[in-house]
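Structure at a glance
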Amino acid sequence: MRPARRRLLPAAALAVAALLATAAPAVQAAPTAAAAAPDIPLANVRAHLTQLQSIATANGGNRAHGRAGYKASVDYVKAKLDAAGYTTTLQQFTSGGATGYNLIADWPGGDPNQVLMAGSHLDSVSSGAGINDNGSGSAAVLETALAVSRAQLAPDKHLRFAWWGAEELGLVGSKYYVNNLATAERSKLAGYLNFDMIGSPNAGYFVYDDDPVIEQTFKNYFAGLSVPTEIETEGDGRSDHAPFKSAGVPVGGLFTGASNTKSSAQAQKWGGTAGQSFDRCYHSSCDTTANINDTALDRNSDAVAHAVWTLSAGTVTPPTGTVFSNADNVSVPDSGAAVTSSVPVTGRTGNAPSALKVGVDIKHTYRGDLVVDLLAPDGTAYRLKNSSSSDSADNVIATYTVNASSETANGTWKLQVRDVAAQDTGYIDSWQLTF
Ligand SMILES: [Zn+2]
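Cut-offs applied
Residues numbered from 1 in each chain as written. Predicted model: local features only at pLDDT ≥ 70, side-chain atom pairs only at ≥ 80, totals over all residues. Heavy atoms only, no water. Helix = DSSP H or I, 4+ residues; strand = E, 2+ residues; numbered from the N terminus. Rg over C-alpha atoms; globule rule 2.2 N^0.38 Å. Buried < 20%, exposed > 50% of the residue type's maximum accessible area, 1.4 Å probe, protein only. Contact = heavy atoms within 4.5 Å. Areas by Shrake-Rupley, 256 points an atom, 1.4 Å probe, with all protein chains shown as cover. Expected span 1.5 Å × (residues − 1). Polar contact = N/O pair within 3.5 Å; in protein donor to acceptor, adjacent residues only side chain to side chain. Pairing = 2+ DSSP bridges. Axes fitted to C-alpha atoms, helices over the stretch in contact; angles between N-to-C directions. Parallel < 35°, antiparallel > 145°, perpendicular 65-115°, else oblique. Left-handed = near helix turned anticlockwise from the far one by under 90°. Nonpolar A, V, L, I, M, F, W, Y, C, P; charged D, E, K, R; others polar. Core = buried A, V, L, I, M, F, W, Y, C linked by side-chain atoms within 4.5 Å. Domains from an automatic or database assignment.

Looking at an unreviewed UniProt entry, one finds the chain named M28 family metallopeptidase, with Streptomyces atroolivaceus as its source organism.

**With respect to the overall build of the chain**
Regarding its fold elements, the chain presents 10 helices and 17 strands. What you see for the chain is a C-alpha radius of gyration of 22 Å, in line with the 22 Å of a compact globule of 435 residues. Reported as C-alpha extents along the three principal axes, the dimensions of the chain are approximately 65 × 45 × 45 Å. Relative to its full complement of 435 residues, the chain shows a buried share of 53%. Taking the intrachain contacts of the chain between residues at least 6 apart in sequence as the baseline, contacts between residues at least 24 apart amount to 79%. When the accessible surface of the chain is split by element, carbon and sulfur atoms take 51% of a total near 17,100 Å².

**Some thoughts on helix α10 (residues 294-311)**
For α10, spanning 18 residues, the distance from its first C-alpha to its last is 25 Å, which sits close to the expected 26 Å at 1.5 Å a residue. A large share of α10 lies buried, amounting to 13 of its 18 residues. One side-chain oxygen at the N-terminal end of α10 lies 2.9 Å from the backbone nitrogen of Thr295; it belongs to Asn293.

**Some remarks on the sheet that holds strand β16 (residues 411-419)**
Sheets are built from strands that pair by backbone hydrogen bonding, the pairs being arranged parallel or antiparallel. Reading across the sheet, the four strands line up as β11-β16-β13-β14 and stay open at both edges, with antiparallel pairing between neighbours. The two strands at the open ends of the sheet, each matched to only one other strand, are β11 (339-345) and β14 (381-385). Across this sheet, the average inter-strand angle for adjacent strands is 20 degrees, counted without regard to direction. Sheet topology places β11 next to β16; seven bridges connect them, and they run antiparallel. Bridge pairing in β16 places Val339 opposite Val417.

**Side note on helix α7 (residues 212-224)**
When the terminal C-alpha atoms of α7 are compared, their 18 Å separation across 13 residues agrees well with the 18 Å that a helix rising 1.5 Å per residue should span. Buried residues along α7 sit against β5 (189-195), β6 (206-207), β7 (230-231), β8 (251-255) and α10. For α7, the N-terminal cap is Asp211; the gap from its side-chain oxygen to the backbone nitrogen of Val213 is 3.1 Å. The positive-phi residue at the C-terminal boundary of α7 is Ser226, with phi of around 55 degrees.

**Focus: the packing of helix α2 (residues 42-58) against helix α4 (residues 131-151)**
How two helices pack is summed up by the angle between their axes together with the distance between the axes. Here α2 crosses α4 at 130 degrees, and the two axes come no closer than 9 Å. Compared by their axis directions, α2 and α4 come out oblique. The chirality of how α2 crosses α4 is right-handed. Where α2 approaches α4, its residues Asn44, Val45, His48, Leu49, Leu52 and Gln53 are matched on the opposing element by Ile131, Gly135, Ser136, Ala139, Ala140, Leu142, Glu143, Leu146 and Arg150. In terms of residue class, the contact of α2 with α4 is made up of eight nonpolar, five polar and two charged.

**A look at the nonpolar core**
In globular proteins that are soluble, nonpolar side chains generally tend to be buried together. One finds Leu81, Tyr86, Val148, Phe161, Trp163, Leu193 and Phe195 to be the most contacted residues of the largest nonpolar core, which totals 65 residues. Here Phe161 is in contact with Tyr86, Leu103, Ile104, Ala105, Ala118, Val141, Thr144, Ala145, Val148 and Val308, once residues within four sequence places are set aside. By size, the runner-up hydrophobic cluster in this structure holds 29 residues, among which are Val339, Val345, Ala352 and Ile362.

**Some points on the domain arrangement of the chain**
The domain boundaries assigned to the chain delineate domain 1 (11-311) and domain 2 (323-434). In this structure, domain 1 and domain 2 have C-alpha centres spaced 32 Å apart.

Shown next, in the form of C-alpha cells:
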C-alpha cells in the first residue's frame, strides 16, 4: 500500500462542496444464485508465502520493482497459472528507469463482455520481503485462481486475475494497465476486487466501501463467520483498486490493517492487542513469514474465493438507447472559470427520460479538484460530481444517472466542468447522453 497525499481546498470551494453533495452513480445488478465456493486451504496459501520468502532471501531480502526478487516472484506465480490452464500475459512497463511487469491471467470461458477481475500487487518495498504487504494478497488470489482450475469452474462472467508491479511506487502497474485498456475493453469490466494486506499480525477486518454489491458480498461472508467488519479507511484510494475506480469500474476489496493502531473496542471484537498497530512490520525488514496471522489469512482467503464465486455468477443485460456524444477535447483552466462541451439532441419527442445516462470521460491529474454539472437546454443544472480535497486519483470516467424527466429532450445539452483548486490540470476528453 502506498503512502497518502492530502491537499487543502480554498475555503469557499469546501463550503460549496458541503452544501451541494449528491448521490454517486449506480453500478451492478444483484448476481444470480451461485455455487458455494470451496474452502481455500491455509496450508496452500502459506506454501506460496514460504516460496515468496525464499525468493526474497535469495535476492537481497526484497521483491521490489526492478529487482531480481520481483521478476522471480512473477515467474513463480506465472508457472503455477500456466500449469493450471490459464492464459497468462506479461505486460511490461518502465518506471524509475527499470522494467516492471504486470501478470494477467484469463480463465477460459464466460461472457467476454462481462469480465470480473481480482488482483493484488506482487511487489514489496525495498526494505523487506513484503510477506504481509503484499505476499498475503498475492498468495490468496493465486490459490483462489488455482481453486477455480481445480473445480473447473464455468462462471457466467469471464474471470481474470492480476498481479501488479510497482504498486509501492504509486500504483504504477495497475495505472498502466487501466490507462492502456481500450475504452471498449474497460467498459467490459463488471468489477475489480483488490486484496492488499490480508494477514496482518494484529489483524482487523476491513471491507472497502465502494461498490455496494461487492461490499455487501464481503460483509455477508464475514457475518456468516460471526466476524464483525468495519469500513476500510486507512488505505482508501491507496491501492490498486484506485485506477479502476477512477475509470468507472465497480470496485471492492479487503484489508486487515497497516500502521494504524487497534483500539480497545476493536481488540474487544477481533482479539489481538489494543494500542498496537495492526501491522508493526509494515514496510520494514520484519515483514517476513513470521509476520502473518493465520486466522486472518485463512478467513480472508476464503472470502476472496467466496466473492469470486458469487460475483462471477450471472450477467446483466446492457442498457439499450440512442446515444448523442461529443469527443472534442476541451481544456479545463486550472482553478479557473467553468468550461462547457455541447451535445445537440434532435429527433426526440417529448421530455427527456427519468433515467438519463450521462457518460463522462474527463482526464485530470487530481479529480478531487473538479465540479461537474449537466446543463439542460433551458439551462437547468444537475450536479453530477462535487469537488473533494481527499480524492487524489486521476480522471473522472463514469456514467451518471439523472432524472431529467422535467426537461424537453431536444435542444443543446452541455457538460460543465470547473477546476476549483490549483496545480493539477486536465481536459474533457468526451461525453455522451443515452436517451
Ligand atoms: Zn501493499
